[in-house]
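What follows is each chain in one-letter form.
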Amino acid sequence: PDAGSAEVQCPDVFGPNGQQLQTRIRSYAGYGYLASLLASRGYAVVSPSANVIASFDGPTPDRGIAARTQVIGATLDLMRRWSNGAGPSVAGDPGHTIGTRLTGRLDLTRVALMGHSRGAEGVTEFIAFNQERTTVYPLNGVISVAATDTGADPFRNGGANLAELLPACDGDVFFLGGGHVFERVKYTPQGRRFTKLQWLVQGTNHNFFNTVWSGTD
């Protein structure tokens, strides 16, 4: 990683006796329970890391949402390369070598996205950003969990099937920003042919959808 990245500034740190003094939170791993379930049913699942964005997005006007859409696009582009036989290879390390193992095995004509918190706003905003890219991916569905809301219209360039999950005990995004997004897109002309769903789930808080987030809200 670059010298200024969060991976360098906030690494794992161990004491002289091997005790862990500082832990880099691997947020991407917190959705492994969903990834395993989906993979067992034949889905290819990727959970990209946005820790560097999350470490520095506080002062930015959009709280890093645009950067998250770019990560999503770049991840899909990588998957397309891997499906075309151009996966990365690490000499002597088969566990980190893709090479041609995924050639022809990823169906990128059927793509669904799920995001949580700022990542939830990132996946809904990708609906619009996707239409502005050189490579446009067909989005079968977008699932937004405990979303933030900076006021953008994700259906401004078209729409997608959208499901919003609102945690009824959310102590972080306590104003339930995802609900505001839902209201904005509900009657938009560009989204009329798409399904839009919203659930308010009793007893759920903000953090514990991600199993590595330890702070209760």
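Structure: see above.
This is a predicted model, so every value here is computed, not measured.

A.B. asks: Tell me what's going on with unusual backbone geometry, and back it up with residues and numbers.
C.D. replies: With phi around 55°, alanine 146 is a residue other than glycine that occupies positive phi space. By secondary structure assignment, the location of alanine 146 is in the loop between strand E4 (139–145) and strand E5 (162–167). Given a relative accessible area of 3%, alanine 146 falls into the buried group. Its identity is not glycine, yet leucine 176 carries a phi of approximately 55°, on the positive side. Assignment of secondary structure puts leucine 176 in the loop between E5 and helix H6 (177–185). Classification of leucine 176 as partly exposed rests on a relative accessible area of 22%.

A.B. asks: Let's hear about the nonpolar core: which residues, and what values?
C.D. replies: By size, the foremost hydrophobic cluster in this structure holds 19 residues, and its most contacted members are Leu76, Leu113, Leu139 and Val142. Taken together, the elements giving at least two residues each to this core come down to helix H4 (65–83), strand E3 (111–116), helix H5 (118–130) and E4. If one sorts the elements of this core by residue count, H4 sits on top with four residues. Once residues lying within four places of it in the same chain are set aside, the contact partners of leucine 76 are Leu108, Val111, Phe126 and Tyr137.

A.B. asks: How would you summarise the side chain of threonine 188 if you had to cite specific residues and measurements?
C.D. replies: Structurally, threonine 188 can be placed in the loop between H6 and strand E6 (196–201). Of note is the side chain of threonine 188, whose polar atom sits 2.6 Å from the side chain of glutamine 190.

A.B. asks: Give me the lowdown on H5, citing residues and values where you can.
C.D. replies: Here H5 contains 13 residues, and its C-alpha end-to-end distance of 17 Å stays within 8% of the 18 Å for a straight helix at 1.5 Å per residue. The sharpest bend along H5 comes to roughly 30°, located at threonine 124. Counting buried residues along H5, 10 of its 13 residues qualify, which places the element largely inside the surrounding structure. Looking at the buried residues of H5, the elements they touch are H4, E3, E4 and E5.

A.B. asks: An account of the packing of aromatic side chains is needed here, citing residue identities and associated values.
C.D. replies: Counting across every chain of the model gives two aromatic pairs. Between phenylalanine 174 and phenylalanine 175, the aromatic rings sit 5.8 Å apart at their centres with planes inclined by 85°, giving edge-to-face as the arrangement. Residue phenylalanine 174 is classed as exposed on the basis of its relative accessible area of 62%.

A.B. asks: Can you explain the side chain of histidine 116? Please cite residues and give values.
C.D. replies: Of note, histidine 116 is situated in strand E3. Polar side-chain contacts of histidine 116 include one of 2.8 Å to the backbone oxygen of histidine 206. With residues near it in sequence (within four places) discarded, histidine 116 still touches Tyr31, Val145, Ala146, His206, Asn207, Phe209, Asn210 and Trp213.

A.B. asks: Give a description of the environment of valine 111 that names residues and reports values.
C.D. replies: Assignment of secondary structure puts valine 111 in strand E3. Sequence-distant contacts of valine 111, defined by excluding residues within four places in its chain, comprise Leu76, Pro138, Leu139, Asn140 and Gly141.

A.B. asks: Can you lay out the pattern of salt bridges for me, pointing to particular residues and giving the numbers?
C.D. replies: Evaluated as defined, the whole model comprises five salt bridges. One salt bridge in this structure joins arginine 110 and aspartate 107, with 3.1 Å as the shortest N-O distance. Arginine 110 sits in the exposed class, given a relative accessible area of 62%. Note on aspartate 107: relative accessible area 37%, which makes it partly exposed. As a salt-bridge pair, glutamate 125 and arginine 156 come within 2.4 Å of each other at their nearest N and O atoms.

Rules and cut-offs
Residues numbered from 1 in each chain as written. Predicted model: local features only at pLDDT ≥ 70, side-chain atom pairs only at ≥ 80, totals over all residues. Heavy atoms only, no water. Helix = DSSP H or I, 4+ residues; strand = E, 2+ residues; numbered from the N terminus. Buried < 20%, exposed > 50% of the residue type's maximum accessible area, 1.4 Å probe, protein only. Core = buried A, V, L, I, M, F, W, Y, C linked by side-chain atoms within 4.5 Å. Contact = heavy atoms within 4.5 Å. Polar contact = N/O pair within 3.5 Å; in protein donor to acceptor, adjacent residues only side chain to side chain. Expected span 1.5 Å × (residues − 1). Bend = angle between axes of the 7 residues up to and from the residue. Phe/Tyr/Trp six-rings, centres within 6.5 Å; stacked < 30°, edge-to-face > 60°. Salt bridge = Lys/Arg side-chain N within 4 Å of Asp/Glu carboxyl O.

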